[in-house]
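Commentary on secondary and tertiary structure
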Amino acid sequence: MSFDQSKWVWSNGRIVPWEDATTHVSAHALHYGTGVFEGMRCYETADGPALFRLEEHLDRLYQSAAVHGMDIPYTSEELTEAICELIDRHDFKSCYVRPLCFYGTSSLSLHPARCPLEVVILVWPWAPYLGAEGLERGVRVTVSPWRKFHSEMMPTTAKASGQYINSVLAVREAVNRGFDEALLLDVEGNVAEGSGENLFIVKDGQVFTNDERHSILLGITRDAVIQIAQDLGYEVNVGPISLSDLLNSDEAFFTGTAAEVTPIREVDGTLINHGDRGPVTKEIQSAFFAATSGRHQRYRDWLTFVVPQTVAGIH
Ligand SMILES: Cc1ncc(COP(=O)(O)O)c(C=O)c1O
């Protein structure tokens, strides 16, 4: 991943050159992780670049902010306009979009009362998070010695900067041991999620995933995949997933904005589906990419075109 092609940042209401989008080392968020953010993707379609489930991502941003008592001084229409303008200015056909709201400089008391809320948006081209090969062949995963924090410790359904230290610990430990990604268990020992992805398994032709009772971020890709799987005729069961459910599954895959739909081919040496991408995973993955690229008519509503479609009949 690199920011090489990113030339501008939207910062507190205006687009500024990338190198001018700086913050002071006394910023509250730098010390205590007091920020909330989103990650969404903009995909290439035949009708120009389009953001996948922008509305849902912005809704979650406002919800995360509310949980942490932050009042975002921009409406979702203003943020939508800012995101589209920023992508258009870069002329990106596809990219990742990162809005971030964080407490800036005023004091380093833990209570951020007087700190200004800074709002920025970054965009950059980002290849599949777990690799193009991972999308096809699947990734190797290990169960992390780090547990996912419980919702009584921190709100798991909000997407706040500081909580990602938990994910960073887990993924570093996993990569150090030669794996592609970490899988975190919840405090009760059930499967929670990957360091940046939700988990699905397939068993006997049915699809299973967990929910917020297992300390997960309620992923927007997870929601899309539940709908896609149901539309494909699969029964989707939402409930606890134990480690042995995962190890004995026919197929398993991760979902996330960055990781999209990535098959899991191995968990700590146990092969899933003979160590490759399973047929149900492949079918769901194909429908997902048809949706993101605008080829699937049923899911056109999930797309927000960067340059609005005005020609009659196109959206
Ligand atoms: C911890 C965690 N779980 C799950 C997800 C998947 O969420 P989404 O599909 O909304 O990107 C993410 C990605 O942001 C994440 O960071």
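Below is a summary of the structure that appears in this document. Quick caveat: nothing in here was measured; it's all calculated off a predicted structure.

What follows deals with the pattern of salt bridges. Scanning the entire structure with this criterion turns up twelve salt bridges. Taking the shortest distance from any N to any O, the salt bridge between R53 and D223 comes out at 2.7 Å. On the criterion of sequence distance, the pair formed by R53 in the loop between strand 5 (50–52) and helix 2 (54–67) and D223 in helix 6 (residues 220–231) is long-range, its members being 170 residues apart. Relative accessible area serves as the criterion here: at 30%, D223 is assigned to the partly exposed category. For R177, the salt bridge is made with E173, and the minimal N-O distance between the two is 2.6 Å. Given a relative accessible area of 40%, R177 falls into the partly exposed group. Each of R53, E56 and D223 takes part in a single network of salt bridges with overlapping partners.

A word on the site of the ligand. The local shell around the ligand holds 15 residues, among which K159, Y164, E193, T221 and T257 are the closest. One of the side-chain nitrogen or oxygen atoms of K159 is found 2.5 Å away from an oxygen atom of the ligand. Between the ligand and Y164 there is a distance of 2.5 Å, counted from an oxygen atom to a side-chain nitrogen or oxygen. When the ligand is considered free in solution it has 380 Å² of accessible area, and contact with the protein chains removes 94% of it.

The next subject is a negative patch on the surface. Together, E55, D59, E77, E78, E81, E85, D88 and D91 line one region of the surface with negative charge. The element that contributes the greatest number of residues to the negative patch is helix 3 (residues 76–90), accounting for five residues. Mapped onto the fold, D91 is located in the loop between helix 3 and strand 6 (95–103).

Next up on the list: the nonpolar core. If you look at the biggest cluster of nonpolar residues, it comprises 31 residues, and the most contacted ones within it are W10, L51, I72, L79, I83, I87 and V97. Elements represented by at least two residues in this core include exactly strand 4 (40–43), helix 2, helix 3, strand 6 and strand 7 (117–124). When residues of this core are assigned to their parent elements, the largest contribution, six residues, is made by helix 3. Setting aside its immediate chain neighbours within four residues, W10 contacts I15, Y74, L79, A82, L86, V119, V120 and I121. In this structure, A50, V225, I228 and V236 belong to the second largest nonpolar core, which totals 24 residues.

Moving on: helix 2. The end-to-end C-alpha distance of helix 2 is 20 Å, a good match for the 20 Å that 14 residues give at a rise of 1.5 Å each. Restricting attention to buried positions, one finds in helix 2 the residues L54, H57, L58, R60, L61, S64 and A65. Buried residues of helix 2, seen end-on, are gathered within an arc of 160° and therefore sit on one face of the element. With respect to the buried face of helix 2, the exposed residues turned more than 90 degrees away are E55, Q63 and A66.

Attention now moves to the packing of aromatic side chains. Evaluated as defined, the whole model comprises 14 aromatic pairs. Where W10 meets Y74, the ring centres are 5.0 Å apart and the plane angle is 75°; that geometry is what we call edge-to-face. You can see W10 sitting in strand 1 (residues 8–11) and its partner Y74 sitting in the loop between helix 2 and helix 3, a full 64 residues away along the chain. Y74 carries the same exposure label as W10, and that label is buried. Here the aromatic rings of F52 and W302 are separated by 5.7 Å at their centres, their planes lie at 85°, and the arrangement is edge-to-face. With F52 in strand 5 and W302 in the loop between helix 8 (279–292) and strand 17 (303–305), this residue pair connects regions lying 250 residues apart in the sequence. On the accessibility criterion, W302 (8% relative accessible area) is buried. One aromatic cluster is present, built from ring pairs that chain together F3, W18, Y96, W124, W126 and Y129. Just above the ring of F149 sits the side chain of K148; from NZ or CZ to the centre is 4.9 Å.

Moving on, we get to the pairing of strand 4. Neither face of strand 4 is left uncovered, since the one carrying M40 and C42 and the one carrying R41 and Y43 both have all their residues buried. Pairing between strand 4 and strand 6: three bridges, direction antiparallel. Residue pairing in the sheet places R41 in a bridge with Y96 of strand 6. One ladder, built from two bridges, connects strand 4 with strand 5; its direction is antiparallel. The residue of strand 5 that forms the bridge with C42 is L51.

Summarising the element assignment, E38 is placed in the loop between strand 3 (35–37) and strand 4. Side chain to side chain, E38 and R60 meet in a polar contact 2.7 Å long. Not counting residues up to four positions away in its chain, the partners in contact with E38 are H57, R60, L61, V97, R98, P99 and K159.

Conventions we followed
- Residues numbered from 1 in each chain as written.
- Predicted model: local features only at pLDDT ≥ 70, side-chain atom pairs only at ≥ 80, totals over all residues.
- Heavy atoms only, no water.
- Salt bridge = Lys/Arg side-chain N within 4 Å of Asp/Glu carboxyl O.
- Helix = DSSP H or I, 4+ residues; strand = E, 2+ residues; numbered from the N terminus.
- Buried < 20%, exposed > 50% of the residue type's maximum accessible area, 1.4 Å probe, protein only.
- Near = heavy atom within 4 Å.
- Polar contact = N/O pair within 3.5 Å; in protein donor to acceptor, adjacent residues only side chain to side chain.
- Areas by Shrake-Rupley, 256 points an atom, 1.4 Å probe, with all protein chains shown as cover.
- Patch = residues over 30% accessible without salt bridge, like charges linked within 9 Å, V, L, I, M, F, W, Y side chains within 5 Å.
- Lys, Arg positive; Asp, Glu negative; His and termini not counted.
- Charge placed at Lys NZ, Arg CZ, Asp CG, Glu CD.
- Core = buried A, V, L, I, M, F, W, Y, C linked by side-chain atoms within 4.5 Å.
- Contact = heavy atoms within 4.5 Å.
- Expected span 1.5 Å × (residues − 1).
- Arc of directions from axis to C-beta.
- Phe/Tyr/Trp six-rings, centres within 6.5 Å; stacked < 30°, edge-to-face > 60°.
- Lys NZ or Arg CZ within 6 Å of the ring centre and 35° of its normal.
- Pairing = 2+ DSSP bridges.

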